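So the chains spell out like this:
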Amino acid sequence: MNSKYKPLALVARILLAAIFISAGFSKVMGFEGVTAYIGSKGLPIPMILAGCTIALEIIGGLAIIIGYKARIAGLLLGLFSILAALIFHNFWAFPPEQVYLQNIMFMKNLSIAGGLFLLAVFGAGGYSIDAICEAKNKK
(Lines give C-alpha, C1' and ligand atoms only; values in the text may rest on other atoms or scores of the structure.)
Protein backbone atom coordinates (compact mmCIF):
# COMPACT_ATOMS: atom_id res chain seq x y z
CA MET A 1 0.00 0.00 0.00
CA ASN A 2 1.27 3.44 -0.89
CA SER A 3 2.35 5.06 2.37
CA LYS A 4 0.40 8.25 1.70
CA TYR A 5 -2.85 6.25 1.88
CA LYS A 6 -2.11 4.50 5.18
CA PRO A 7 -3.77 7.18 7.33
CA LEU A 8 -6.86 7.11 5.11
CA ALA A 9 -7.16 3.33 5.51
CA LEU A 10 -7.06 3.77 9.29
CA VAL A 11 -9.67 6.54 9.19
CA ALA A 12 -11.90 4.36 6.97
CA ARG A 13 -11.64 1.45 9.41
CA ILE A 14 -12.49 3.68 12.36
CA LEU A 15 -15.53 5.10 10.56
CA LEU A 16 -16.75 1.64 9.50
CA ALA A 17 -16.33 0.22 13.00
CA ALA A 18 -17.75 3.14 15.00
CA ILE A 19 -21.40 2.22 14.38
CA PHE A 20 -20.86 -1.36 15.57
CA ILE A 21 -18.96 -0.49 18.73
CA SER A 22 -21.50 2.19 19.63
CA ALA A 23 -24.42 -0.13 18.93
CA GLY A 24 -22.83 -2.96 20.90
CA PHE A 25 -22.38 -0.84 24.02
CA SER A 26 -25.92 0.54 23.63
CA LYS A 27 -27.20 -3.01 23.56
CA VAL A 28 -25.30 -3.80 26.77
CA MET A 29 -26.99 -0.85 28.50
CA GLY A 30 -30.43 -1.84 27.21
CA PHE A 31 -30.00 -5.60 27.23
CA GLU A 32 -33.54 -6.43 28.38
CA GLY A 33 -35.10 -4.25 25.69
CA VAL A 34 -32.83 -5.69 23.01
CA THR A 35 -33.69 -9.22 24.09
CA ALA A 36 -37.41 -8.42 23.99
CA TYR A 37 -37.09 -6.81 20.54
CA ILE A 38 -35.23 -9.84 19.16
CA GLY A 39 -37.92 -12.10 20.63
CA SER A 40 -40.67 -9.93 19.11
CA LYS A 41 -39.27 -10.73 15.66
CA GLY A 42 -39.85 -14.43 16.33
CA LEU A 43 -36.18 -15.32 16.61
CA PRO A 44 -35.25 -18.22 18.90
CA ILE A 45 -33.16 -17.88 22.07
CA PRO A 46 -33.26 -14.07 22.09
CA MET A 47 -31.01 -13.70 25.14
CA ILE A 48 -28.23 -15.75 23.52
CA LEU A 49 -28.67 -13.94 20.20
CA ALA A 50 -28.45 -10.59 21.99
CA GLY A 51 -25.23 -11.66 23.73
CA CYS A 52 -23.72 -12.95 20.49
CA THR A 53 -24.72 -9.75 18.70
CA ILE A 54 -23.08 -7.61 21.37
CA ALA A 55 -19.89 -9.68 21.21
CA LEU A 56 -19.77 -9.55 17.41
CA GLU A 57 -20.38 -5.81 17.27
CA ILE A 58 -17.84 -4.86 19.93
CA ILE A 59 -15.11 -7.42 19.23
CA GLY A 60 -15.58 -7.22 15.45
CA GLY A 61 -15.55 -3.43 15.55
CA LEU A 62 -12.39 -3.32 17.63
CA ALA A 63 -10.74 -5.88 15.33
CA ILE A 64 -11.48 -3.64 12.37
CA ILE A 65 -10.12 -0.53 14.08
CA ILE A 66 -6.82 -2.14 15.05
CA GLY A 67 -6.72 -4.12 11.81
CA TYR A 68 -6.44 -7.55 13.39
CA LYS A 69 -8.05 -10.30 11.32
CA ALA A 70 -9.90 -7.45 9.63
CA ARG A 71 -10.91 -9.56 6.63
CA ILE A 72 -12.74 -12.03 8.87
CA ALA A 73 -14.31 -9.27 10.98
CA GLY A 74 -15.41 -7.45 7.82
CA LEU A 75 -16.99 -10.57 6.37
CA LEU A 76 -18.82 -11.45 9.61
CA LEU A 77 -20.08 -7.92 10.23
CA GLY A 78 -21.06 -7.58 6.57
CA LEU A 79 -23.18 -10.73 6.74
CA PHE A 80 -24.60 -9.58 10.07
CA SER A 81 -25.55 -6.21 8.52
CA ILE A 82 -27.46 -7.91 5.71
CA LEU A 83 -29.28 -10.20 8.15
CA ALA A 84 -30.14 -7.24 10.38
CA ALA A 85 -31.48 -5.35 7.36
CA LEU A 86 -33.69 -8.25 6.30
CA ILE A 87 -34.98 -9.05 9.80
CA PHE A 88 -35.21 -5.69 11.55
CA HIS A 89 -35.55 -3.17 8.70
CA ASN A 90 -37.86 -5.10 6.38
CA PHE A 91 -39.56 -1.89 5.26
CA TRP A 92 -42.06 -3.77 3.08
CA ALA A 93 -43.70 -5.16 6.24
CA PHE A 94 -43.99 -1.85 8.15
CA PRO A 95 -46.99 0.47 8.33
CA PRO A 96 -46.92 3.21 5.64
CA GLU A 97 -45.80 5.94 8.04
CA GLN A 98 -42.65 3.93 8.90
CA VAL A 99 -41.73 2.67 5.42
CA TYR A 100 -39.52 5.63 4.47
CA LEU A 101 -37.36 5.50 7.61
CA GLN A 102 -37.08 1.71 7.53
CA ASN A 103 -36.12 1.83 3.84
CA ILE A 104 -33.30 4.25 4.72
CA MET A 105 -32.16 1.97 7.56
CA PHE A 106 -32.31 -1.04 5.22
CA MET A 107 -30.21 0.73 2.57
CA LYS A 108 -27.76 1.98 5.26
CA ASN A 109 -27.17 -1.60 6.34
CA LEU A 110 -26.60 -2.72 2.76
CA SER A 111 -24.17 0.15 2.16
CA ILE A 112 -22.22 -0.65 5.31
CA ALA A 113 -22.13 -4.31 4.27
CA GLY A 114 -20.64 -3.23 0.95
CA GLY A 115 -17.84 -1.36 2.70
CA LEU A 116 -17.23 -4.31 5.00
CA PHE A 117 -17.05 -6.71 2.07
CA LEU A 118 -14.44 -4.43 0.46
CA LEU A 119 -12.49 -4.70 3.70
CA ALA A 120 -12.85 -8.50 3.52
CA VAL A 121 -11.51 -8.54 -0.04
CA PHE A 122 -8.69 -5.97 0.19
CA GLY A 123 -7.69 -6.23 3.85
CA ALA A 124 -7.05 -3.63 6.52
CA GLY A 125 -4.41 -1.65 4.65
CA GLY A 126 -1.88 0.52 6.42
CA TYR A 127 -1.42 1.09 10.12
CA SER A 128 -2.86 -2.29 11.04
CA ILE A 129 -1.77 -5.40 12.91
CA ASP A 130 -2.54 -7.39 9.76
CA ALA A 131 -0.06 -5.24 7.77
CA ILE A 132 2.62 -5.68 10.43
CA CYS A 133 2.12 -9.47 10.43
CA GLU A 134 2.18 -9.57 6.63
CA ALA A 135 5.45 -7.59 6.56
CA LYS A 136 7.01 -9.98 9.11
CA ASN A 137 5.94 -13.01 7.05
CA LYS A 138 7.62 -11.58 3.94
CA LYS A 139 10.99 -11.39 5.71
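Preceding this section is the structure that the text describes.
Treat the numbers as computed from the prediction; the structure is a model and nothing was measured.

Draft legend 1. Representation of the environment of Leu15. Position of Leu15 relative to the elements: it lies in helix α1 (residues 6-29). A sequence separation of 115 residues divides Leu15 from Asp130, and the C-alpha atoms of the two residues are 18 Å apart.

Draft legend 2. How the structure looks around helix α2 (residues 31-40). Regarding α2, the residues found buried are Val34, Thr35 and Ile38. Angular distribution of buried residues about the axis of α2 spans 100°; they occupy a single face of the element. Across from the buried face of α2, at angles greater than 90 degrees, the exposed residues are Glu32 and Ser40. Packing partners of the buried residues in α2 comprise α1, α3 (46-66) and α4 (70-88). In the segment just after α2, Gly42 is the residue with positive phi, at about 80°.

Draft legend 3. View of the layout of surface pockets. There is about 670 Å³ of room inside the largest pocket. If you go around the largest pocket, you meet 24 residues; those closest to its centre are Lys27, Glu57, Phe80, Ala84 and Phe88. Elements with a contribution of two residues or more to the lining of the largest pocket: α1, α2, α3, α4 and α5 (96-122). Along the lines of polarity and charge, the residues of the lining of the largest pocket split into 16 nonpolar, 5 polar and 3 charged. If you trace the second largest pocket, you find 14 residues lining it, with Gly125, Gly126, Ser128, Ala131 and Glu134 closest to the centre. Take the lining of the second largest pocket: its biggest share by element is 4 residues, from helix α6 (residues 129-138). Grouping the constituent residues of the lining of the second largest pocket by class yields 6 nonpolar, 4 polar and 4 charged.

About the criteria used
Residues numbered from 1 in each chain as written. Predicted model: local features only at pLDDT ≥ 70, side-chain atom pairs only at ≥ 80, totals over all residues. Heavy atoms only, no water. Helix = DSSP H or I, 4+ residues; strand = E, 2+ residues; numbered from the N terminus. Buried < 20%, exposed > 50% of the residue type's maximum accessible area, 1.4 Å probe, protein only. Arc of directions from axis to C-beta. Contact = heavy atoms within 4.5 Å. 1 Å grid on protein atoms, 1.4 Å probe; cavity = no way out; pocket = protein on both sides within 12 Å on 5 of 7 lines; lining within 4 Å. Points joined across faces, edges and corners; volume = space filled by probe spheres on them. Nonpolar A, V, L, I, M, F, W, Y, C, P; charged D, E, K, R; others polar.

Geometric descriptors of this kind do not, in isolation, establish any biological role.
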